[in-house]
Structures are given as structure tokens and as C-alpha cells.
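# Chain and residue survey
Residue strings, one per chain:
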Protein chains: 2
Amino acid sequence: MTIPDTVALDRSDPLASLREQFLLPEGKVYLDGNSLGALPKAAMARIEAVVRKEWGQDLISSWNSNDWINLPITVGEKIATLMGAAPGQVISCDNVSINLFKLIVTALQLQMGRKVILTQKDNFPTDLYMTEGVGALLGDQRCVTRSVPADQLVEAMDTDIALLLLTQVNFRDGRLHDIEAITRAAHANGILVLWDLAHSAGVVPLELDRWQVDMAVGCGYKFLNGGPGAPAFLYLATRHQDKVSQPLSGWLGHAEPFAFEPGYRPAPGVSRYLGGTPGILGMSALDAALDVFDGFTIDQIRGKSSAMTALFIDGVRSASECSECRVVTPLVPEERGSQVSLAHPRAYGIAQALIEAGVVVDFRAPDIVRFGFSPLYNSYRDVADALRQLLRILAAGEHLQARFDTRAKVT
Amino acid sequence: MTIPDTVALDRSDPLASLREQFLLPEGKVYLDGNSLGALPKAAMARIEAVVRKEWGQDLISSWNSNDWINLPITVGEKIATLMGAAPGQVISCDNVSINLFKLIVTALQLQMGRKVILTQKDNFPTDLYMTEGVGALLGDQRCVTRSVPADQLVEAMDTDIALLLLTQVNFRDGRLHDIEAITRAAHANGILVLWDLAHSAGVVPLELDRWQVDMAVGCGYKFLNGGPGAPAFLYLATRHQDKVSQPLSGWLGHAEPFAFEPGYRPAPGVSRYLGGTPGILGMSALDAALDVFDGFTIDQIRGKSSAMTALFIDGVRSASECSECRVVTPLVPEERGSQVSLAHPRAYGIAQALIEAGVVVDFRAPDIVRFGFSPLYNSYRDVADALRQLLRILAAGEHLQARFDTRAKVT
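Reading guide: rules and limits
- Residues numbered from 1 in each chain as written.
- Chains lettered and ligands numbered in written order.
- Predicted model: local features only at pLDDT ≥ 70, side-chain atom pairs only at ≥ 80, totals over all residues.
- Heavy atoms only, no water.
- UniProt positions renumbered as here; feature names shortened; annotations may be inferred.
- 1 Å grid on protein atoms, 1.4 Å probe; cavity = no way out; pocket = protein on both sides within 12 Å on 5 of 7 lines; lining within 4 Å.
- Points joined across faces, edges and corners; volume = space filled by probe spheres on them.
- Helix = DSSP H or I, 4+ residues; strand = E, 2+ residues; numbered from the N terminus.
- Contact = heavy atoms within 4.5 Å.
- Buried area = accessible area lost by both parts, 1.4 Å probe.
- Salt bridge = Lys/Arg side-chain N within 4 Å of Asp/Glu carboxyl O.
- Polar contact = N/O pair within 3.5 Å; in protein donor to acceptor, adjacent residues only side chain to side chain.
- Buried < 20%, exposed > 50% of the residue type's maximum accessible area, 1.4 Å probe, protein only.
- Pairing = 2+ DSSP bridges.
- Axes fitted to C-alpha atoms, helices over the stretch in contact; angles between N-to-C directions.
- Phe/Tyr/Trp six-rings, centres within 6.5 Å; stacked < 30°, edge-to-face > 60°.
- Least-squares fit on C-alpha atoms with pLDDT ≥ 70 in both.
- Right-handed = clockwise from strand over helix to strand, strands pointing away.

Per an unreviewed UniProt entry, the recorded name for chain A is Kynureninase, and the organism is Kineobactrum sediminis. Listed in UniProt under the heading Subunit (unreviewed entry), the comment for chain A reads: "Homodimer." In UniProt, chain A has this text filed under Function (unreviewed entry): "Catalyzes the cleavage of L-kynurenine (L-Kyn) and L-3-hydroxykynurenine (L-3OHKyn) into anthranilic acid (AA) and 3-hydroxyanthranilic acid (3-OHAA), respectively."

As C-alpha cells, then:
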């Protein structure tokens, strides 16, 4: 891969114009959009308007006049269009952990007589911690977690299992689950599915309705570019909504929040999964960030994502400098998300040396460097630049410097 | 009360200079800071810096370089100083509803063998809804709610009761509970207390440690001026912290979140009440807003608050135009928060006519108009202007216009 090659690729990229819609860090190649997406210019403008006008001037009337009250639904519906979900099933609220809690409890409610949550041993830790939290609260009689390696999930499906909780794209190695096939297998055993789409939404084609997914959660601040700690989202299929309640029954999930009634009556549909007052600043940024997707398809985004990860993987595998790097992300494009993870005994040093060289990646203990590719703003030139720096660092032994100890950085 | 009188009061007001630190709505008297606090200029500047520099340029590194990771604690400690809480007991996170859930469950955990939550019939609805949610989740064997009128709380205290959950300042009538006395009575019966300080923090003197309060929650967007849907806070006394866990055990409450361990180990102290990733935009605004309090005491703030509410109450009670208005807020300053509530059969019309006249108040069904006084930015002149408009509207019968039907507005 040469620089001219990537210039040609960028020239023919149907998404190339989107890069201009972001304020990117100066002089850097940012490959950590799978951890925190870059800043859309529209989000910057929106936040300034929300602060100065909506909060500063319109103040309390903004709940109506600027439609703050419907923002969780407005934002939810925008995310729904990226996931193959018909209206009325997605809201934006809280964070992933809390939304997991609400939906895990919902699943146990729907699955009377079953109490096991099946999950994957190396699922994202917060997913495991939340099932542990539910189990500790409800007791072994009502909730037990069973974690198995990914390749034993299907055989572990039995009639004790209420819910299968999986993250589609593994945060560490980038491996991608086949939601449709696994959901079908789960349903054949009477098991509901809850998919964590933190590393999928906005970058992997999803057909939640067509695949008959029951529940999903996901993150607003990765590939959706909603800003640091942006509100998360949850999806609950229409067929389940009116059978359930959820325990975090705050006032905005009430059928008539402003009637201030003493007793709780859940709002119709998925809105009952709202609770406390939403953070309007963060949710407004996410709302504006989602407009960047307008006019483009997830298939276009996925096409570019796959091409970028392939280009990077091919570069690593064909370079002698990388002989000690192991590509732990699947080599088959259909089996990976939008990141490439390299295992290396000195991964921490590689990550730090890359960051110093202006290529922003991250490290995951004990030995992984992650390169996240965000098709909305990363260019093919970014891929080439990252690879060039990686090879230079490895050739020069920069990653071996003593100051790059193996202490994990906080990201 | 004449305009010259209030000019003199404003001139001798030790807090008068603070008004300049807010961007107030042009041409309006804003008396709804008990619902949404006004915009501190410092919050506006901070948000712009967080968006453009911290998110836009520094991106993922901001978790360390801009100390995002410690923001829940930084903000919590600032709030702690307003409530008489020593360090290590307050964090900012989530919203009031979710923090109620965490602490209600904690109280039941600490009070093995007791299962009743005692609360007040006209507590803020979300407090009632959350106890209902916990009860529905855990079942009658583990959690039952008992609601009684305010004047029957002490006699209702028996040995079945695990937790007393009260809001210090009632949202409807502004009546203020004596936290110290009620907490003492509760403790005498082995009952833990959880105080909702939504309408207290930042405007009422609090001595949580000295009063031996067990737990508290409160709101960032009312008298703390943190912006719409600002993160809430929770207080848990040190003596309880290491005995408890909480069920919303997300990754940021883990002892080592970035070790990505498969099993949950709670962080030391109150940090275990963190869960998912915090909303950095909203929390940064709150952080900056809290600096407005620097150099002023809560006693100064309370002094001005009491003077403003007294001035307004006296004006209403001495005006013949207000003969149909009933002041439902206690007349004794020590028994009220920083709002005055008037009951009137055409309260909705009064609120709407006031808003049209530029005096921003709110309506609470069925018959209450609320006037919230925020000593940091409201002036005595604001009090006089609001009163003058109220008398004018009542004299002219503006509130009786047909277009002001009794449909509740959404605020």
C-alpha cells in the first residue's frame, strides 16, 4: 500500500465528504473512535445553541418550546433507523449499564420459571458486572449467571435459560457474532436475547426487527459520535412492551409525568423505560451527531469499514517488521467489527509510541493494541499513515523504551 | 414595598454581585430556578472548552489529561461543602430516580429483618414511584412501602421500618422538614434515613454529618444551576460505605475499571455507587456552576432567600387584589424552602398570565402557582416586579381569560 494508492481510494470513497463534517484533532491520525467518537461540527453548533439560547434564554419553557421532553424518543428513532428497527422500539436514556439492568430484569419477568442468564466469558466486563448485580439483588432463586466461551454458547442453551446476553463485537479482539443465527438458536430453546451493540451501532448493518431480536442496548459515544459519556440507547421489540414493567420506574416513564400522581402507571410502549430527567446537553449533542448519517447507508459505511480493516490487516501481515504482531481480529471481514486488534508482548509500548507519533490508538491489558476505524471521518490515508508509523516504531524499537512500562493507561 | 425600597435592599445585598455571573433571560423576571436554574456564564465557557478542546482536540486522552475520570468525585466534593459533609461521602452521578434506587436497596441490605419504607403521602412522585419499583422487583417479603401524611410520620415509626424516605422541601407547598429532629426520631427507632434534597441543596443550610444523616440524594439542575437534566448526586455516610454493595454495579464502580476483570469488586468507599460512563458535558457544566458558590456561605444565601420569600408573602397578604390567593407555604421562615406557593382556583390562568407578562413561574395541578427565589441571581427588585405584575393581573382579571384553560403545562 502506497500513499498514492490511498489517495486514489479516498478520491473514489463515497463517504469522503463526511470527514469535513468533523472537527478532527490537528496533526493526528485518530483511530480510537471505537472508544470515543470524534466531534461532529453540527454537535458543536447544537450544544452552543442549547446552552446559550435554550438553557440561557428560554429556560424552563424549553421542555415544550424546544421539545426537550421528547428528545429521548427523537434520538431513539434516529438510532432505530441505523439498526433496522421500526418506530416505537428505541429510546435514548441513561447509560449502557443501567439499560442492561432494566432489560435483564424485564427478561426474567417475561420468562417466569427460568432464571439463568447465559453469557460469554469474555463479554465486556460491565455486562458481566450487571448480571452479577441483578443476581446479588434477586438471589439465586431468581437469577443465576452462566458464562461460557463463545464457541460453547449454542450447546449451552437449555430450558433453564431465560436470557442470552451477548455483545455483538468483542471489545478486545473485534470478533463479530452472527446475531441472526444465534438469535434463531436461542429462540428455538425458548430463550430471549439481549444484544449489546456498543461497538456495532452506526458501523455494522443491523436488522433487529427482521432478526426477531428481543432486546438490545448500545452506546452513544463510540461510532455514533455523541460525545463523552453520551446517553446510551435501548431497544425493546414491540411484542414485549405492554407485558412488562421495569424497576427503575422514575417519573418520566410515567404515563402522565406532569400529573404528579402518587401511584406509578407506566407510559405506553417503550417510553416506560425512561426514568429520571434526561441530560439535555449530552442528548442534544447526540441528536445532532446522528444527522451526519443522513443520506448515507449503513452498507456504504460497512463497505468502507471492511476495506479499511482489510487494508490494515494486509499491511501488517505482509510486513516483516510486524513478525511479532499477531492479528487477533478475524481475517474474514464478515467476522469482524470496525477495529483491528494486534497482540504483541510489548503492546503497551507500541500503543504509547504510536500515540507519541500522533496515531491515537488504545491498549487493552495484557497485550492488545486496538486500531479503531470510523468510516465517517477516517480516510484510507489514515490507514496508511498508521501502518507506516507502526512499521517505523517496530523497526526502530521505539516500543521497547524503558519508560513504556506495562502499566495500563486509563481509557 | 416600593421600588425604591427594593433598590436599597439590593444595594446592601452581600450577594448582589453574583447576578452578573449569570446570563439571565432578557426582559424577564425568572422565578423558576427551583425547577431549572439559570445559566452561569462560567458553565457556558466551560462547556465550550469541553466541547472544542477536550472532546474535539484531546479526545480519548481527556479521561486522564482533563481528569474526566474523577469528575464524579470532584463535583461530589464541591456539593459536599454545601451540605456539611466531610470528604469521601458524595458523588455526582445518574439522576435522582436512579440514585434513590441504589440507596433504597442499600438500606434494605443494611436493615436485615426490616422491610418497610416509610414515606410521606405527598412526597415528590418519583420518590414514591421508585419505592414502588423496588417493591415490585423484590416482592412483599422484602420491601413494602407505607405512606402517611407528614404530621403522622413520627408516630408511624415502628420496628418494621427499615428506611424513612423524605424530601426535605415539598415541591408543591415549599414546606421544609426539620432534618435533624426527624433523623433523631428515626434513629431512636432503628430506622435509617434517606433525604431527597432536590429543593434544598445550595439554598438551605444542611449539616448532614452533624445530623447523622445516613443517605441523601439531590438534583444538579435546580438551585445548583447545573443545566437541564444535570447529573444528580448521592451522599452515603462513611460509616455505612464498606458494608454495602449496590445492584447497578457498572464498570466505573469497580475497584479497577480499566483492568477489565471478569468479576465485580466494588471500589472503596462511595465510588462504588458509580456505574456506567458519566455524561461529561452535563457534569462539566455542573462543575463550573458550583464555583459560583465560592466565597459565599449558605447562611448568607439562606438569609437572602428568607428575606425574599418574606417580602413576597407580606406583599401578597397585604394586597386586597390577592384576597382569593391562599399562601400555602408556611409563614414562618424556618419552615419553608426558597419558594412561595399560592393556591387559587384559577392558578393556571395566573401562571400563564404572569409568564406572558415576563414573570416566569410555574403551575402545579390542581391549583398552585409556584414562585421560586434563587438568591444567587434573583434580586429584591425581581420580587417587587413579580408582585406588581401579580396584583395587576388579578386586578385586571387577566387570569380569567378563556384561553387559559386548566390544562396543565408540561414543566
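## A few points about empty space enclosed by the protein
Evaluated as defined, the whole model comprises five cavities of 30 Å³ or more. There is about 480 Å³ of room inside the largest cavity. Together, 37 residues line the largest cavity, and Asp94, Gly229 and Gly279 of chain A together with Asp94 and Gly279 of chain B are the ones closest to its centre. If you list the elements that add at least two residues to the lining of the largest cavity, you get helix H9 (280-290) of chain A together with helix H9 (280-290) of chain B. Examining the composition of the lining of the largest cavity, we find that four residues originate from one element, H9 of chain B, more than from any other.

## Details of the interface of chain B and chain A
Opposite the 79 residues of chain B that make contact, chain A presents 78 residues. The contact between chain B and chain A buries some 6800 Å² in all, and 67% of this surface belongs to carbon and sulfur atoms. For the pair chain B and chain A, the number of links is two salt bridges. Between Arg52 of chain B and Glu48 of chain A there is a salt bridge, with its nearest N and O atoms 3.0 Å apart. Linking chain B with chain A are 24 residue pairs in polar contact (both at pLDDT 80 or more). For the side of chain B that touches chain A, the secondary structure elements donating two or more residues are strand E3 (39-40), helix H2 (41-58), helix H3 (62-65), helix H5 (96-110), helix H6 (125-138) and H9 of chain B. Considering each element in turn, the side of chain B that touches chain A owes the most residues, ten residues, to H6 of chain B.

## Concerning the pairing of strand E9 (residues 215-218) of chain A
Residue and element names in this part refer to chain A. Both faces of E9 are covered, namely the face carrying Met215 and Val217 and the face carrying Ala216 and Gly218. Bridge count between strand E8 (residues 192-196) and E9: three bridges; the pairing is parallel. In the strand pairing of E9, Leu194 is matched with Met215. Of the pairings in the sheet, the one linking E9 to strand E10 (residues 233-236) comprises four bridges and is antiparallel in character. Each bridged residue has a counterpart across the sheet, and for Ala216 the counterpart in E10 is Tyr235.

## Quick look at the sheet that holds strand E12 (residues 339-343) of chain B
Residue and element names in this part refer to chain B. Strands sit in the order E11-E12-E15-E14 across an open sheet of four strands; the sheet is antiparallel. Looking at strand neighbours, the two that pair on one side only are strand E11 (326-327) and strand E14 (362-364), the edges of this open sheet. Lying over the sheet, helix H10 (residues 298-318) contacts E11, E12 and strand E15 (368-372), oriented at roughly 20° with respect to E12. Where helix H11 (residues 347-356) meets the sheet, its contacts fall on E14 and E15, and the angle it forms with E15 comes to roughly 40°.

## Thoughts on the packing of aromatic side chains
One pass over the full model with this rule turns up 27 aromatic pairs over all chains. Each ring, one from Phe124 of chain A and one from Trp251 of chain B, has its centre 5.5 Å from the other, and the planes form 70°; the classification is edge-to-face. With Phe124 of chain A in the loop between strand E5 (116-120) and helix H6 (125-138) and Trp251 of chain B in the loop between helix H8 (238-241) and H9, the pair connects residues from two separate chains. Both residues of the pair, Phe124 of chain A and Trp251 of chain B, count as buried. Here the aromatic rings of Trp251 of chain A and Phe260 of chain A are separated by 5.9 Å at their centres, their planes lie at 25°, and the arrangement is stacked.

## Looking at the relation of the copies chain B and chain A
Between the two copies of the chain lies a relationship made up of a rotation around an axis and a movement along it. Mapping chain B onto chain A calls for a rotation angle of 180° and an axial translation of 0.0 Å; the resulting RMSD is 0.0 Å. On the angle and the small slide along the axis, the relation comes out as a two-fold axis.

## Focus on the pairing of E5 of chain A
All names here are of chain A. Counted residue by residue, E5 has five buried out of five residues, so it is predominantly covered. Side chains Val116, Leu118 and Gln120 project from E5 onto one buried face, and the interleaved Ile117 and Thr119 project onto a second face that is buried too. Alignment of E5 against strand E6 (residues 144-148), held across five bridges, turns out to be parallel. By the bridge assignment, Val116 is partnered in E6 with Val144. As for the winding sense of the linkage, the β-α-β connection from E5 through H6 to E6 is right-handed. Pairing analysis gives four bridges linking E5 to strand E7 (residues 161-167), with the strands arranged parallel.

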